[in-house]
Amino acid sequence: KGYERVIRPRFADAQFFFVEDMKQGLASMAQGLKTVTYQARLGTVADKVARVAALAEAVAAQVGVDPATARRAAELSKADLQSRLVGEFPELQGIAGRYYAAVENESLDVAHAIDEAYMPRFAGDAIAPSKLGQVLAIAERLDTLAGGFAAGLKPTGNKDAFALRRNALGLARTIIERGVDLDLPRTLDRARENLGAIGAQVSSTELYDFIVDRLRAYYADVPPQQFESVAALRPASLLDFDRRLKAIGTFATLPEAEALAAANKRIRNILRKAEGEVPGGVDAARFTEAAERDLGDAVDAAIADSDASLASRDYVAVLGRLARLRPQVDAFFDQVMVNVEDPAVRGNRLALLQRLADRLGSVAAIEHLSS
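Anyway, here's the lowdown on the structure attached to this text. (Residues numbered from 1 in each chain as written. Predicted model: local features only at pLDDT ≥ 70, side-chain atom pairs only at ≥ 80, totals over all residues. Heavy atoms only, no water.)

What follows deals with the packing of aromatic side chains. One pass over the full model with this rule turns up nine aromatic pairs. Residues Tyr-219 and Phe-227 carry aromatic rings whose centres are separated by 6.3 Å and whose planes lie at 50° to one another, so their mutual orientation is tilted. Take Tyr-219: its relative accessible area is 10%, and that puts it in the buried class. Given the relative accessible area of 3%, Phe-227 is considered buried. Ring geometry for Phe-227 against Phe-241: centres 5.4 Å apart, planes inclined by 55°, an arrangement best described as tilted. Linking Phe-227 in helix H12 (residues 224–231) with Phe-241 in helix H13 (residues 238–251), this pair joins segments that are 14 residues apart in sequence. We note that Phe-227, like Phe-241, is buried. Aromatic ring contacts, followed pair by pair, group Tyr-218, Tyr-219, Phe-227 and Phe-241 into a single cluster. Stacked on the ring of Phe-210, the Lys or Arg Arg-214 has its end atom at 4.5 Å from the ring centre. (Phe/Tyr/Trp six-rings, centres within 6.5 Å; stacked < 30°, edge-to-face > 60°. Buried < 20%, exposed > 50% of the residue type's maximum accessible area, 1.4 Å probe, protein only. Helix = DSSP H or I, 4+ residues; strand = E, 2+ residues; numbered from the N terminus. Lys NZ or Arg CZ within 6 Å of the ring centre and 35° of its normal.)

The following block contains the structure:
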């Protein structure tokens, strides 16, 4: 009875606020966001909504969602912050907006996306289930990250006033766990551009590195050298990052992996120390040793065999095919001297190694796997 006396008035308050809010309507609430400051250097909440709406359109176009619907959902996504219900019960932000949108006969996709834009709300929370909700969740976090860095709110030590670390991880989880193939650097550029002059104070490279750094904890069970081998290539898509990481984990279990990783490390060192430019192509007529001829043929065959797999992002197949190069690679380094006096022969051998290194490094910088 004691609890009932406390709870009933709260329910009555909530019902009253809900009814009063519906008299006002979401559009009117959204207008009220123009008077609410989001952050001193980043303008009002209405300014943020406008940036998120533009980003939502851009993200939607990349992932097969209707841009106009994404914009509509984004424009309503924070309107309930001006509602009396959320003012009294802040934990209902997004949830209240979903109900208000449904009552006003917005599409159910838009209504649910208003709520899903906040997902994941905390560590371990579920990811937005709908495509439209994912678009809003991504756009919201991209703007928060770009704006936070541009306004000088980059986390330091334990201080993270804008929860940028949590936002970055939520962004990454949404992309990876829901299979969203998004060009992250390109979209980060768009987020910076939406900020106007202040956006020039942060680089997309810095933002990308910050997001990838959050993945180190996300992939805590992955050996660090495998993570670094993929991070070194800076894949534009975090979904692609995930695929490469899984493939390199499979490759690392092969008996040829350690030897090929060591060989690629050696090749990179040779190429780095080479004087002058490495020729752009390999001339088979300049081969003077059987081992280099065998390696040249083997590399040509491996590239031809793996082109389609690489194009379709079947990275396990690519690395599995490259693993079969080990005998020819071992024989080459046992029997052939790269830095001979004849510049034409030397250049041709360097070109062959460059061709091999390019394909060995097409999935990940496998030299990181060499101890």
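Still more to cover.
Of note, the amide linkage connecting Met-119 to Pro-120 takes the cis form, showing an omega dihedral of -5°. Along the polypeptide, Pro-120 turns up in the loop between helix H7 (108–116) and helix H8 (131–150). Here Asn-105, not a glycine, exhibits a phi torsion of approximately 70°, which is positive. Residue position: Asn-105 is located in the loop between helix H6 (95–103) and H7. The exposed category is assigned to Asn-105, whose relative accessible area is 69%.

Moving on, we come to the environment of Pro-235. With respect to the secondary-structure elements, Pro-235 resides in the loop between H12 and H13. Pro-235 gets classed as buried once you look at its relative accessible area, which sits at 6%. Along the chain, Pro-235 and Phe-11 lie 224 residues apart, while their C-alpha atoms are 50 Å from each other. Not counting the four nearest positions on each side in its chain, Pro-235 is found in contact with Tyr-208, Val-230, Asp-240, Phe-241 and Arg-244. (Contact = heavy atoms within 4.5 Å.)

The end-to-end C-alpha distance of helix H3 (residues 45–63) is 26 Å, a good match for the 27 Å that 19 residues give at a rise of 1.5 Å each. Most of H3 sits inside the fold, with 14 of its 19 residues counted as buried. With a side-chain oxygen lying 3.3 Å from the backbone nitrogen of Ala-46, the N-terminal cap of H3 falls on Thr-44. (Expected span 1.5 Å × (residues − 1). Polar contact = N/O pair within 3.5 Å; in protein donor to acceptor, adjacent residues only side chain to side chain.)

Once that is clear, we can look at the layout of surface pockets. Considered as a void within the structure, the largest pocket measures approximately 410 Å³ in volume. Around the largest pocket, the lining is made up of 19 residues, and of these Lys-78, Gln-93, Tyr-118, Glu-140 and Arg-166 lie nearest the centre. Mapped by element, the contributors of at least two residues to the lining of the largest pocket are H3, H8 and helix H9 (164–177). The greatest single-element share of the lining of the largest pocket, amounting to three residues, is contributed by H8. Taken together, Ala-27, Ala-30, Gln-31, Lys-34, Ala-46, Val-49, Ala-50, Ala-53, Arg-71, Arg-72, Glu-75 and Leu-76 make up the full set of residues lining the second largest pocket. Of all elements in the fold, only helix H2 (26–32), H3 and helix H4 (67–76) reach the threshold of two or more residues within the lining of the second largest pocket. Per-class residue counts for the lining of the second largest pocket are seven nonpolar, one polar and four charged. (1 Å grid on protein atoms, 1.4 Å probe; cavity = no way out; pocket = protein on both sides within 12 Å on 5 of 7 lines; lining within 4 Å. Points joined across faces, edges and corners; volume = space filled by probe spheres on them. Nonpolar A, V, L, I, M, F, W, Y, C, P; charged D, E, K, R; others polar.)

What follows is about the pattern of salt bridges. Counted under the stated rule, the structure contains 31 salt bridges. With a closest N to O distance of 3.6 Å, Asp-283 and Arg-286 form a salt bridge. Beyond isolated ion pairs, a larger network of salt bridges with shared partners links Lys-48, Arg-51, Lys-78, Glu-140 and Asp-143. (Salt bridge = Lys/Arg side-chain N within 4 Å of Asp/Glu carboxyl O.)

A few words now on a nonpolar patch on the surface. A contiguous nonpolar surface patch, about 510 Å² in accessible area, is contributed by Tyr-3, Val-6, Ile-7 and Phe-11. With respect to the helices, strands and loops of the structure, Val-6 is situated in helix H1 (residues 2–24). On the accessibility criterion, Val-6 (55% relative accessible area) is exposed. (Patch = residues over 30% accessible without salt bridge, like charges linked within 9 Å, V, L, I, M, F, W, Y side chains within 5 Å. Areas by Shrake-Rupley, 256 points an atom, 1.4 Å probe, with all protein chains shown as cover.)

Among the structural elements, Ser-237 can be located in the loop between H12 and H13. Reaching out from Ser-237, the side chain makes a polar contact with the side chain of Asp-181 at a distance of 2.8 Å. A distance of 3.1 Å separates a polar atom in the side chain of Ser-237 from the backbone nitrogen of Asp-240. Look past the residues within four positions of Ser-237 in its chain and what remains in contact with it is Asp-181, Leu-182 and Arg-313.

Another aspect to go through is empty space enclosed by the protein. Taking a probe equal in size to a water molecule and rolling it over the atoms shows the remaining empty space. Overall, the coordinates contain one cavity of 30 Å³ or more when judged by the stated rule. The volume enclosed by the largest cavity comes to roughly 40 Å³. Counted by class, the lining of the largest cavity contains two nonpolar, one polar and two charged residues.

All right, on to the nonpolar core then. Grouped together as the largest cluster of nonpolar side chains are 106 residues, with contacts concentrated most on Leu-238, Phe-241, Ile-248 and Phe-251. For this core, the element with the most residues is H8, which contributes 10 residues. In contact with Phe-241, not counting residues within four places along its chain, are Tyr-208, Val-212, Leu-215, Tyr-219, Phe-227, Val-230, Ala-231 and Pro-235. (Core = buried A, V, L, I, M, F, W, Y, C linked by side-chain atoms within 4.5 Å.)

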